[in-house]
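Chain residues, written in single-letter form:
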Amino acid sequence: MLKAIRSSSSCLHQARFTSNLHSNSRHGGVLRSVLGLTNPNLLRRRFFCSDSSDGSGSDSVSAVEDTESKSAAAIVPTAMKKPDDFLTVLALPLPHRPLFPGFYMPIYVKDPKLLAALVESRKRQAPYAGAFLVKDDPETTGSDNEKNIYDLKGKNLLNRLHEVGTLAQITSIQGDQVVLIGHRRLRITEMVSEDPLTVQVDHLKDSAYNKDDDVIKATSFEVITTLRDVLKTSSLWRDHVQTYNQHIGDFNYPRLADFGAAISGSNKLQCQQVLEELDVSKRLRLSLELLKKEMEIHKIQESIAKAIEEKISTEQRRYLLNEQYKAIKKELGLETDDKTALTDKFRDRIDPNKEKIPSHVLQVIEEELKKLQLLEASSSEFNVTRNYLDWLTALPWGNYSDENFDVVRAKEILDEDHYGLTDVKERILEFIAVGKLRGTAQGKIICLSGPPGVGKTSIGRSIARALNRKFYRFSVGGLSDVAEIKGHRRTYIGAMPGKMVQCLKSVGTANPLVLIDEIDKLGRGHSGDPASAMLELLDPEQNANFLDHYLDVPIDLSKVLFVCTANVLETIPNPLMDRMEVIPIAGYITDEKMHIARDYLEKSTRDACGVKPEQVEVTEAALLSLIENYCREAGVRNLQKQIEKIYRKIALQLVRNGAQSEPSILKSESEESKSDTTEEEAEVVETNVSADQVSELQVSDGSKEDKVVTNATEKVLIDDKNLADYVGKPVFHAERMYDHTPLGVVMGLAWTAMGGSTLYIETTRVEQGEGKGALHLTGQLGDVMKESAQIAHTVARGILATKDHENAFFANSKLHLHVPAGATPKDGPSAGCTMITSMLSLAMNKQVKKDLAMTGEVTLTGRVLPIGGVKEKTIAARRSGVKTILFPLANKRDFDELAPNVKEGLDVHFVDDYDQIFELAFETEK
């Protein structure tokens, strides 16, 4: 609407109207006196001309312009032709609005030929042209439509013009601006020439009408009433009000209709409809409709402006009152500066992220801020509220770090930080790939389980670096208070939020990677069960509205990626385990430990100790000896400690050698002159005491005044021969107690929290006599292994009776079954096969096959049940030099998933019945 008003105002804001019947100098004087105009040229530019249907309009214009004898834009004298004489005119396209008779309009002519023709017409005393509105092109809009008008020529332009237009008098031409005044309506009949477009026209006259018709009078009165309302309400027509009130009586009905349509903000097609209407009564009705619509639009505009003004004034008034209120309270001493500073600090925190903070949280913050203003600074409630607001405003509401879903980069980071662990890396890359396809990574719960020192915590740190997430770690080992997870109530003294709220405040983002360490060691005390409290934290269906007792507002943790670590899964409650995705990390074999020690541990330790690579060399044999004789556990933490121990001793050795070889041999010229010998002095520096390696420092002859001796220390060599000088005596000897197991002894495979290990089962006969068959157990066995021994004894008697029914060994022998390393508690359902074989070996007086190890639980019917820890037990067998392994048939799938380097060189048999073990262990031929 505003655009339309501006468009119409561009045509009318300088227009003034005078009488349609009298165009003498008296009206020029009236206009000057009313508007306060003394410049005749200005009056000419603001002139609202009379109807020129009888040719008298040109006299009034020329009367004004006679005062401008030298004006370039002056209209030709009165001797020129009348408007009725122009039946062929130049066609001027009007892009925005039609020109009404009696109105002024400036236009810009872009066509140079058309502009030249208009100038030539004025010189030939024919300053008239036809102004026609251009039709819209449905294929183009806006400014493109206007640009296309100037490109049209001839018939193309003629087809785009409305047939009815206005005969326009050219009052002035300045550059490409042409000022027009409309005189009468025209209709195009045919085209005369194309460039510039010249058309033949008919002059249109209004249809005859009865001035005394009541309908026309009533319509005109309503138009006048509406027109007055529009002119009063609209500030754009302020200049028209005075002149309109003075000259309203000079208007006739056609002119009144044209004036109403011209000042309305209607679109050009509606105005063109008024221009084309020759019936005065219909034209008045159309004009009245446009004016009424203008009034309605203005009312809507006023209501919008009023609403906005009220809103702005209310906010300004509230702001001023708040400032006055603060000033009054400060003068009265009711408020201290500290309280105001606190409020401003909290508001400064939330203002940048106000749109991201949930509405219920904003409401709580506002309520607490109001409470803070009312509390005394010395009250205890003030400190509680201040601390609560401090936590509430410090949280990263809606702030997320930009995640990196580049799979290639993530793989490089994981390979850079860790060697091996193919399954773990593959699962992490799958998680990143899903996040890339979805566009966002939903929070998951990954549980890394395995023995200590295999890199579970560092894997979590690498995942955070690969995903470009913030990393936060907290350990729940031994945690027995639920408040550590869910927070304390604010009513308690020293209340604090839980670990997750502390995490979010620390990292500053709402999507960090949180590593919950040692989740299998959660305690349970009098303050509740923390494992149960972890359910809400880790459950993806609940943690979108995690409720901390301290904050007491829901927090969205659905975007947090949780990574848990555990050594043993059996101690984790089943409901908590059900919410996790377990990724087992079994440990490392010797080859993997060699790579880790060489590529990771040695480099980091060397940098930490300040030793340069060229100063020390650790051989492969030394590392292998270190791994096999000192560090047999599944992880590499102890291996890192031993390597650090080596480099610390090397650093001490280098510093000592450097102190001994400082430039202390400085000779003056007088001392050198007294010397009769020319032989070089050599200083022997010991670099490796155990290897007896020395280096000589050559001191040059006395050709210089001062001689500085540099320490050219040789590289320190660490090999398997001098390794004990740095790390002490070997901790482990050969894990195999027997090169060839004797009667009654069988090697089993066991799983422990430290990884896999070999486990010998020994059976011997204590006493023999008829009916003395019994079994005695030692070795600190748990209840499960004791039951396995009883089952094994029963199954062995049955097998012996089948194989050798005359052998009454078990019926007449008291047996003693022992598991070495009695100080170590042992329990687990995987020693049944080994115990049966041990008893049968003694009963049949046969040794088991050399380099054989077995594992598996046996039922009373001889069926072999599956076991766990296949990878750990396979690694333990390889470490002990075992060539043949017996696994339950149900574990074949687990064995097939192992890496090729773990399975290399092993002869593995899968059995589902003890008869198969009997044949393999005692090499029975069918």
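The structure displayed is predicted, hence computed values, not measured ones.

Asker: Any chance you could explain the overall build of the protein here in plain terms?
Answerer: A tally of regular secondary structure across the protein gives 34 helices and 26 strands. Counting only residues that meet the buried cut, the protein has 47% of its 926 residues in that class. In the protein, the share of contacts with a sequence separation of at least 24, taken over all contacts with a separation of at least 6, comes to 75%. For the protein, the accessible surface area stands at approximately 46,400 Å², while carbon and sulfur atoms represent 50% of it.

Asker: What am I meant to see in the pattern of salt bridges here?
Answerer: For side chains bearing opposite charge, pairing can occur when the charged atoms are close. Under the counting rule described, the total for this entry stands at 22 salt bridges. The closest approach of N and O atoms between Lys110 and Asp176, which form a salt bridge, is 3.7 Å. A residue pair is termed long-range when its members are at least 10 positions apart, and Lys110 in the loop between strand E2 (104–108) and helix H5 (112–123) and Asp176 in the loop between strand E4 (164–174) and strand E5 (177–193) qualify at 66 residues. Residue Lys110 is classed as partly exposed on the basis of its relative accessible area of 46%. For Asp176, a relative accessible area of 29% corresponds to the partly exposed category. The salt bridge partner of Asp896 is Lys892, with a shortest N-O separation of 3.3 Å. Residue Asp896 and its partner Lys892 are both found in helix H32 (residues 892–896); the two are separated by 4 residues, about one turn of the helix. Under the relative-accessibility criterion, Asp896 is labelled partly exposed at 42%. The exposure class of Lys892 is partly exposed, given its relative accessible area of 39%. The network of salt bridges with shared partners includes Arg598, Glu602, Arg606 and Glu620.

Asker: What's the story with the pairing of strand E3 (residues 128–133) in this structure? I'm lost.
Answerer: Two faces belong to every sheet, and in a regular strand the side chains alternate between them. Taken across its 6 residues, E3 has 6 buried, putting it largely inside the fold. Burial of E3 is two-sided: the residues Tyr128, Gly130 and Phe132 facing one way and the residues Ala129, Ala131 and Leu133 facing the other way are all buried. Of the strand pairs in this sheet, strand E1 (residues 88–94) and E3 are connected by 4 bridges, and their pairing is parallel. In the sheet register, Ala91 faces E3, and the bridge partner there is Gly130. The pairing of E3 with E4 spans 4 bridges and is classified as antiparallel.

Asker: Can you help me understand a nonpolar patch on the surface in this one?
Answerer: A surface patch of nonpolar side chains, about 370 Å² in accessible area, is lined by Ile300, Ile304, Ile308 and Ile312. Inspection of the secondary structure puts Ile308 in helix H12 (residues 280–332).

Asker: Explain the nonpolar core here, please?
Answerer: What tends to happen in soluble globular proteins is that the nonpolar side chains get buried as a cluster. One finds Ile516, Ile519, Leu537, Leu538 and Leu551 to be the most contacted residues of the largest nonpolar core, which totals 53 residues. Judged by nonpolar contacts, the second largest core, of 51 residues, contains Ile446, Val563, Met594 and Leu623.

Asker: How should I be thinking about the packing of aromatic side chains in this particular structure?
Answerer: To describe a pair of aromatic rings, you give the distance between the ring centres and the angle between the ring planes. One pass over the full model with this rule turns up 7 aromatic pairs. Measuring from ring centre to ring centre gives 6.0 Å for Tyr388 and Tyr550, while their planes differ by 65°; the resulting arrangement is edge-to-face. Linking Tyr388 in helix H15 (residues 380–394) with Tyr550 in the loop between strand E10 (546–547) and strand E11 (554–555), this pair joins segments that are 162 residues apart in sequence. Judged by its relative accessible area of 2%, Tyr388 is buried. Each ring, one from Phe895 and one from Phe910, has its centre 5.7 Å from the other, and the planes form 65°; the classification is edge-to-face. With a gap of 15 residues between them, Phe895 in helix H32 and Phe910 in strand E26 (residues 907–911) connect regions that are remote in the sequence. In this structure Phe895 comes out as buried when scored by relative accessible area, which is 7%.

Asker: Could you clarify how one ought to interpret the sheet that holds strand E9 (residues 513–517) in this entry?
Answerer: Two strands in a sheet stick together by hydrogen bonds in their backbones, pointing the same way (parallel) or opposite ways (antiparallel). Strand order in the open sheet formed by 5 strands is E8-E9-E12-E7-E13, and the pairing between neighbours is parallel. Two strands in the sheet have a free side with no partner beyond their single neighbour: strand E8 (471–475) and strand E13 (581–584). Here the strands of the sheet are splayed against their neighbours by 20° on average, with no regard to which way each runs. Here E9 pairs with strand E12 (residues 561–566) via 4 bridges, running parallel.

Asker: Explain a negative patch on the surface to me, please; I cannot follow it from the model alone.
Answerer: A cluster of acidic side chains, namely Asp423, Glu426, Glu430 and Glu897, defines a negative patch on the protein surface. For Glu897, the location among the structural elements is in the loop between H32 and helix H33 (900–903). In this structure Glu897 comes out as exposed when scored by relative accessible area, which is 59%.

Asker: Would you mind going over the packing of helix H17 (residues 422–438) against helix H18 (residues 456–467) with me for this structure?
Answerer: Each pair of packed helices can be described by the angle between their axes along with the distance between the axes. In contact at an axis separation of 12 Å, H17 and H18 are set at 30° when each is read in the N-to-C sense. Relative to H18, H17 is oriented roughly parallel. The two elements H17 and H18 cross, and the hand of that crossing is right-handed. Contact residues: Val424, Ile428, Phe431 and Ile432 in H17; Ile459, Ile463 and Leu467 in H18. Split by residue class, the contact of H17 with H18 holds 7 nonpolar, no polar and no charged.

Asker: Before we go on, may I ask you to explain H18 in this structure?
Answerer: An α-helix turns once every 3.6 residues. As a result, residues three or four positions apart point the same way. In a regular helix each residue adds 1.5 Å, so 12 residues correspond to 16 Å; H18 covers 17 Å between its end C-alpha atoms and thus fits that length. Considered for burial, the residues of H18 that qualify are Lys456, Ile459, Gly460, Ser462, Ile463, Ala464, Ala466 and Leu467. Looking at the packing, one finds that the buried side of H18 touches helix H16 (407–417), H17, strand E7 (445–449), E8, E9 and E12. At the exit of H18 stands Asn468, carrying a positive phi of roughly 60°.

Asker: How should the environment of Ser193 be read in this particular structure?
Answerer: Here Ser193 lies in strand E5. Separated by 39 residues in the primary sequence, Ser193 and Gly154 have C-alpha atoms spaced 7.4 Å apart. There is a polar contact of 3.3 Å between the side chain of Ser193 and the backbone oxygen of Pro196.

Asker: I tried to follow the packing of helix H8 (residues 214–233) against helix H10 (residues 253–263) on my own but got confused; where do I start?
Answerer: Direction vectors running N to C along H8 and H10 enclose 35°, while the axes themselves pass 10 Å from each other. Considering only the axes of H8 and H10, their crossing is left-handed. Between H8 and H10, the contacting residues are Ile216, Lys217, Ser220, Val223, Ile224, Leu227, Val230 and Leu231 on the first element and Tyr253, Leu256, Phe259, Gly260 and Ile263 on the second. Residues belonging to the contact of H8 with H10 are distributed by class as follows: 10 nonpolar, 2 polar and 1 charged.

Asker: Would you take a moment to explain the confidence of the model for the protein for this structure?
Answerer: When pLDDT drops low, the exact placement of atoms in the prediction is not to be read closely. The predicted model of the protein averages 77 in pLDDT, with 80% of residues at 70 or higher. Low pLDDT, under 50, characterises residues 663–712; the predicted model gives this stretch 75 contacts beyond four residues in sequence or across chains.

Asker: Even after reading the chapter, I still don't get H10, so can you show me in this structure?
Answerer: Within H10, 11 of the 11 residues are buried, leaving the element largely enclosed by the surrounding structure. For H10, the full list of buried residues reads Tyr253, Pro254, Arg255, Leu256, Ala257, Asp258, Phe259, Gly260, Ala261, Ala262 and Ile263.

Asker: What should I look at first to understand the side chain of Thr763 in this one?
Answerer: Tracing the backbone shows Thr763 in strand E19 (residues 755–768). Within polar-contact distance, the side chain of Thr763 engages the side chain of Ser838 at 2.6 Å. With sequence-adjacent residues up to four places away left out, Thr763 is seen in contact with Leu743, Gly744, Leu815, His816, Leu817, Ser838, Met839 and Leu842.

Asker: How should unusual backbone geometry be read in this particular structure?
Answerer: A negative phi angle is the norm for most residues apart from glycine, just as the trans form is the norm for most peptide bonds. Phi is positive for Glu518, close to 55°, though the residue is something other than glycine. Inspection of the secondary structure puts Glu518 in the loop between E9 and helix H21 (530–538). Even without being a glycine, Asn845 presents a positive backbone phi close to 60°. Tracing the sequence through the fold places Asn845 in the loop between helix H30 (832–844) and strand E22 (852–854).

Each value, and the rule that gives it
- Residues numbered from 1 in each chain as written.
- Predicted model: local features only at pLDDT ≥ 70, side-chain atom pairs only at ≥ 80, totals over all residues.
- Heavy atoms only, no water.
- Helix = DSSP H or I, 4+ residues; strand = E, 2+ residues; numbered from the N terminus.
- Buried < 20%, exposed > 50% of the residue type's maximum accessible area, 1.4 Å probe, protein only.
- Contact = heavy atoms within 4.5 Å.
- Areas by Shrake-Rupley, 256 points an atom, 1.4 Å probe, with all protein chains shown as cover.
- Salt bridge = Lys/Arg side-chain N within 4 Å of Asp/Glu carboxyl O.
- Pairing = 2+ DSSP bridges.
- Patch = residues over 30% accessible without salt bridge, like charges linked within 9 Å, V, L, I, M, F, W, Y side chains within 5 Å.
- Core = buried A, V, L, I, M, F, W, Y, C linked by side-chain atoms within 4.5 Å.
- Phe/Tyr/Trp six-rings, centres within 6.5 Å; stacked < 30°, edge-to-face > 60°.
- Axes fitted to C-alpha atoms, helices over the stretch in contact; angles between N-to-C directions.
- Lys, Arg positive; Asp, Glu negative; His and termini not counted.
- Charge placed at Lys NZ, Arg CZ, Asp CG, Glu CD.
- Parallel < 35°, antiparallel > 145°, perpendicular 65-115°, else oblique.
- Left-handed = near helix turned anticlockwise from the far one by under 90°.
- Nonpolar A, V, L, I, M, F, W, Y, C, P; charged D, E, K, R; others polar.
- Expected span 1.5 Å × (residues − 1).
- Polar contact = N/O pair within 3.5 Å; in protein donor to acceptor, adjacent residues only side chain to side chain.
- pLDDT = per-residue confidence, 0-100.

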